[in-house]
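# What the coordinates show
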Amino acid sequence: MGRRMAGLIMAVATAAGVVGISSPARAADDAAGKAFFEAKIRPILAESCVGCHGSEKQKGGLRLDTREGLIAGGKDEGKVIKVIEPGDPAKSLIIEAVEYKNDDLAMPPPKKKVSQKLADDKIAALKEWVKMGAPYGEKAVEAVKK
Ligand code: HEC
């Protein structure tokens with residue numbers, strides 16, 4: 001908590017300001033969520049996740065290019081693997097995966113045993129986004145080809 005939280009709140013408030021939201025509060029929440037997604041989350045998903053979890057490939061049966069895909073979760077031998085508990089990062093597999101805490105599920109996966117762990121600020125942004133209920137923008141996320 002403390003300064004980092006304050007910073008994130010500022011970022012969201014600023015993002016809401018950029019898209020010109022005043023009231024009502026609910027609409028502002030939605031707009032702030034979308035703005036946060038566009039500014040912080042879309043680039044992470046596009047660069048690091050959707051190449052394997054999007055329209056072309058669905059590793060683990062999971063798509064992360066739309067909110068529907070995220071909520072639908074992954075699949076393992078026909079069984080659904082829930083990957084997010086909206087509002088609760090501590091109960092969300094997607095966060096466990098990016099934190100590289102579990103050797104069996106580290107995302108993005110290590111390449112030739114070299115960790116591909118995201119930078120701390122990106123992991124913090126993903127946690128904040130899950131806390132917000134994982135809002136998406138209008139358009140599906142397209143992978144950035146490397
Ligand atoms: C190089 C391909 C690749 C990339 C990039 C990738 N994943 Fe995965 N992901 C996989 C594979 C393969 C699995 C299936 C489980 C396994 O083999 O570890 C998986 C499984 C998962 C799962 C567990 C649910 C399931 O369906 O098995 C989550 C959550 C997940 N990925 C999230 C992410 C996130 C978030 C990112 C981006 C930060 C990401 N992945 C990037 C390949 C990838």
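These figures come from a predicted structure and were not determined experimentally.

## Overview of the site of the ligand
Residues in contact with the ligand amount to 20 residues; listed here are only the nearest, Cys49, Cys52, Gly60, Gly74 and Met107. In terms of residue class, the shell around the ligand is built from 13 nonpolar, six polar and one charged.

## What about the nonpolar core?
Nonpolar side chains tend toward joint burial in soluble globular proteins. Formed by 28 residues in total, the largest nonpolar core has its most connected members in Ile41, Leu45, Val98, Leu126 and Trp129. Not counting chain neighbours up to four residues away, the residues in contact with Leu126 comprise Ile41, Ile44, Ile95 and Val98.

## As for the packing of helix α2 (residues 25–48) against helix α5 (residues 120–131)
Between α2 and α5, the least distance of the axes is 10 Å, while the angle of their chain directions is 125°. When the axis of α2 is compared with that of α5, the two are oblique. Judged by the sense of rotation from one axis to the other, the crossing of α2 with α5 is left-handed. Across the interface between the two elements, Phe36, Phe37, Lys40, Ile41 and Ile44 of α2 pack against Lys122, Ala125, Leu126 and Trp129 of α5. Looking at the contact of α2 with α5 residue by residue, the classes come out as seven nonpolar, no polar and two charged.

## Section: α5
With twelve residues, α5 should reach 16 Å at 1.5 Å per residue; the first-to-last C-alpha distance of 17 Å fits that figure. Three or more residues of α5 are buried, namely Ala125, Leu126, Trp129 and Val130. For α5, the angular spread of the buried residues around the axis is 140°, confining them to a single face. Facing away from the buried side of α5 by over 90 degrees, the exposed positions are Asp120 and Asp121. On the buried face of α5, the contacting elements are α2 and α4 (93–98).

## Describing the environment of Ile41
Relative to the helices and strands, Ile41 is located in helix α2. The buried category is assigned to Ile41, around which 23 C-beta atoms lie within 10 Å. Measuring from C-alpha to C-alpha, the distance between Ile41 and Leu126 comes to 6.7 Å, with 85 residues separating the pair along the chain. Residues contacting Ile41, with those up to four places away along its chain left out, are Phe36, Ala125, Leu126 and Trp129.

## Quick look at unusual backbone geometry
Residues Met107 and Pro108 are joined by a peptide bond in cis, for which omega reads -10°. Within the fold, Pro108 resides in the loop between α4 and α5. You will see that Glu77, though not glycine, has its phi angle at about 50°, which is positive. Take Glu77: it is sitting in the loop between β1 (74–76) and β2 (79–81). We classify Glu77 as exposed; it has 5 C-beta atoms within 10 Å. Residue Ala134 is not a glycine yet carries a positive backbone phi of 60°. Along the chain, Ala134 falls in the segment after α5.

Conventions we followed
- Residues numbered from 1 in each chain as written.
- Predicted model: local features only at pLDDT ≥ 70, side-chain atom pairs only at ≥ 80, totals over all residues.
- Near = placed C-beta within 6 Å.
- Nonpolar A, V, L, I, M, F, W, Y, C, P; charged D, E, K, R; others polar.
- Core = buried A, V, L, I, M, F, W, Y, C linked by C-beta atoms within 7 Å.
- Buried ≥ 20, exposed ≤ 12 C-beta atoms within 10 Å, placed from the backbone.
- Contact = placed C-beta atoms within 7 Å.
- Axes fitted to C-alpha atoms, helices over the stretch in contact; angles between N-to-C directions.
- Helix = DSSP H or I, 4+ residues; strand = E, 2+ residues; numbered from the N terminus.
- Parallel < 35°, antiparallel > 145°, perpendicular 65-115°, else oblique.
- Left-handed = near helix turned anticlockwise from the far one by under 90°.
- Expected span 1.5 Å × (residues − 1).
- Arc of directions from axis to C-beta.

Taken by themselves, the reported measurements are silent on function.
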